[in-house]
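# A structural walkthrough
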Amino acid sequence: MIQEIVAAIALAGTAGVVYVAAGARVVKQYERGVVLRLGRLAGEVRAPGFTMVVPFVDRLRKVNMQIVTLSVPAQEGITRDNVTVRVDAVVYFRVVDAADAVIKVEDYRFAVSQMAQTSLRSIIGKSDLDDLLSNRELLNQGMELMIDSPAIGWGVQIDRVEIKDVSLPETMKRSMARQAEADRERRARIINADAELQASKKLAQAAEVMSEQPAALQLRLLQTVVAVAAEKNSTLVLPFPVELLRFLERAQSGQAPASAERPSASPPVAEREPAAEDVDPTAPSDPITAPEPLGLPDGLTGTDGFTDTDGLGHANGLGPADGLRIPDAFEVPPRSGEPKEPGEPDASAQPERRADRPGTTPAG
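Counting restarts for each chain: residues are numbered from 1 in the order of the written sequence. Reporting of local features is limited, given that this is a predicted model, to residues whose pLDDT is at least 70; pairs of side-chain atoms are given and counted only at 80 or more, and all residues count toward the totals for whole chains, interfaces and linings. Hydrogens and waters are ignored; side-chain quantities use all the structure's heavy atoms.

### Structural notes on the sheet that holds strand 8 (residues 156-167)
Any two strands between which DSSP finds at least two bridges are classified as paired. Each helix corresponds to a stretch of at least 4 residues labelled H or I by DSSP, and each strand to a stretch of at least 2 residues labelled E; elements are numbered beginning at the N terminus. With antiparallel pairing, the three strands of this open sheet are ordered in space as 6-7-8. Two strands close off the open sheet at either side, each with one partner strand: strand 6 (68-78) and strand 8. Recorded for the sheet is a direction-independent mean angle of 25° between the axes of neighbouring strands. On top of the sheet, helix 5 (residues 136-151) reaches strand 7 (84-95) and strand 8; it is set at about 140° to strand 8, its chief contact. Lines fitted to the C-alpha atoms define the axes, with helices restricted to the stretch that makes contact. Angles between their N-to-C directions range from 0 to 180 degrees. Here, residues are in contact when the closest pair of their heavy atoms is within 4.5 Å.

This is the structure we're talking about:
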């Protein structure tokens with residue numbers, strides 16, 4: 001009898017231990033437990049640690065409270081400027097209310113994934129291609145708001161949404177590459193033109209300084225020659241600036257008026273060779289040599305009492321006798337047609353010399 005009682009007590013204890021073991025649960029630190037007793041929410045959400053449930057009556061459902069990374073599949077859509085693109089994104093969210101996440105939505109992960117895909121397609125249709133490529137921050141914020149609004153009722157909080165990649169057609173990539181290349185070329189030309197403008201201003205200032213000192217241009221030319229010669233080339237290129245030619249032209253034009261202001265000693269006379277008919281055959285061949293003068297008649301004396309001792313019309317070699325003149329036949333007439341020097345008296349127009357002195361006896 002006693003053995004039967006002891007066996008019954010041991011059996012009951014064993015059943016109690018089994019029953020307690022069946023109701024024992026452990027909730028991890030990053031989890032929360034939601035107990036459904038006979039299909040109804042029983043009490044508060046169970047905290048992390050050891051907890052007990054009624055076996056065969058309560059059902060404990062654990063909910064992960066960690067941040068979940070959900071990859072959104074690539075969605076193909078048409079942007080507002082009619083460009084077909086494929087965009088994929090990633091969503092970061094976490095559960096803030098375990099009871100709502102279990103009761104209000106069947107599968108909160110799947111719900112968040114579908115909401116992210118529809119929001120992404122909506123963002124693609126409302127945005128331009130340039131916004132998708134360069135203005136992603138605003139698109140991320142807009143997509144986060146679109147997903148977070150319904151997710152709040154599910155006990156889920158959206159932490160962050162990021163657009164990962166935007167896939168473009170090959171034709172669009174080539175077009176964008178050409179556009180970028182053209183823009184780069186435009187910027188390069190603008191920068192080059194700006195550099196040319198600044199350089200021209202500096203060169204104009206240098207030209208003003210060189211115009212004050214023309215020798216500076218020659219020095220600059222010599223420096224250029226030295227720079228070219230330093231390359232050790234077989235051919236030497238010597239630049240000849242146009243300004244140097246203009247400088248030489250101005251220097252030459254400055255000397256011309258000075259020489260023009262000087263009056264010439266005698267005006268130019270047009271000379272020509274005498275014609276054959278103008279030459280007198282009886283004239284002497286040497287125009288400078290005159291025939292020998294004849295002496296005075298024998299026995300003719302001057303007023304001064306001197307006689308012509310040499311027969312040349314000179315009184316003792318001192319000069320012609322007073323009152324006497326050389327016959328015109330002894331004077332060399334100029335050739336006809338021969339130009340006369342300006343200021344030279346005409347031999348044919350000379351008046352006959354007469355004795356001006358008193359007491360002289362004219363020649364008979």
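Additional details are given in the paragraphs that follow.
### Details of the confidence of the model for the protein
Residue-level confidence of the predictor is what pLDDT reports, using numbers from 0 through 100. Per-residue pLDDT for the protein averages 75, and the proportion of residues at 70 or more is 67%. Across the protein, element-level confidence peaks in strand 7 with a mean pLDDT of 92 and bottoms out in helix 8 (residues 242-261) with 68. Throughout residues 283-291 the model reports pLDDT below 50, and contacts reaching past four residues in sequence, or to other chains, amount to five contacts. Ignoring residues within four places in sequence, the model shows residues 326-332, a span with pLDDT below 50, making four contacts including any to other chains.

### Things to note about helix 5
End to end, helix 5 covers 22 Å across 16 residues, agreeing with the expected 22 Å (1.5 Å per residue, within 8%). Type-normalised accessible area, obtained with a 1.4 Å probe on protein chains alone, sets the label of each residue: buried when under 20%, exposed when over 50%, and partly exposed for intermediate values. Among the residues making up helix 5, those that are buried are L139, N140, M143, I147, D148 and A151. The buried residues of helix 5 occupy an angular sector of 160° when the element is viewed end-on, so they sit on one face. Residues of helix 5 that are exposed and angled more than 90 degrees away from the buried face: L138, L145 and S149. By this rule, a helix spans an expected 1.5 Å times one less than how many residues it contains. When we speak of the arc, we mean the arc of directions from the helix axis to the C-beta atoms.

### Some words on the nonpolar core
Counting 36 residues, the largest nonpolar core has V85, V91, F93, Y108, V112, V156 and I158 as its most contacted members. Elements with a contribution of two residues or more to this core: strand 6, strand 7, helix 2 (98-103), helix 3 (108-126), helix 4 (129-134), helix 5 and strand 8. With seven residues, helix 3 is the single largest residue contributor to this core. To define a nonpolar core, start from buried Ala, Val, Leu, Ile, Met, Phe, Trp, Tyr and Cys residues and group those joined through side-chain atoms within 4.5 Å. Counting five residues, the second largest nonpolar core, distinct from the first, contains V27, V35, V53 and L60.

### Details of the side chain of Q75
Within the secondary structure layout, Q75 lies in strand 6. Judged by relative accessible area, Q75 falls into the buried class, the value being 8%. Polar side-chain contacts of Q75 include one of 2.4 Å to the side chain of R121. The contact partners of Q75, leaving out residues within four places of it in the chain, are V85, R86, V87, Q117, L120, R121 and I124. Residues adjacent in sequence count toward polar contacts only when both atoms are side-chain atoms; beyond that, a polar contact is any pair of N or O atoms within 3.5 Å, and within protein one must be able to donate a hydrogen and the other to accept it.

### What about unusual backbone geometry?
Non-glycine residue F56 carries a positive phi angle of around 65°. With respect to the helices and strands, F56 occurs in the loop between strand 4 (49-52) and strand 5 (58-64). Phi angles above zero are rare outside glycine, and N82 is one such case at about 60°. With respect to the helices and strands, N82 occurs in the loop between strand 6 and strand 7.

### A look at the sheet that holds strand 3 (residues 40-41)
Judged by pairing direction, the sheet is antiparallel, and its three strands sit side by side in the order 3-2-5 without closing on themselves. On the outer flanks of this sheet lie strand 3 and strand 5, each paired with one strand and no other. Sheet topology places strand 2 (residues 31-37) next to strand 5; seven bridges connect them, and they run antiparallel. In the strand pairing of strand 5, R32 is matched with V63.

### Examining the environment of R40
Within the secondary structure, R40 sits in strand 3. For R40, a relative accessible area of 66% gives the class exposed. Residues R40 and I103, spaced 63 residues apart in sequence, show a C-alpha to C-alpha distance of 9.9 Å.

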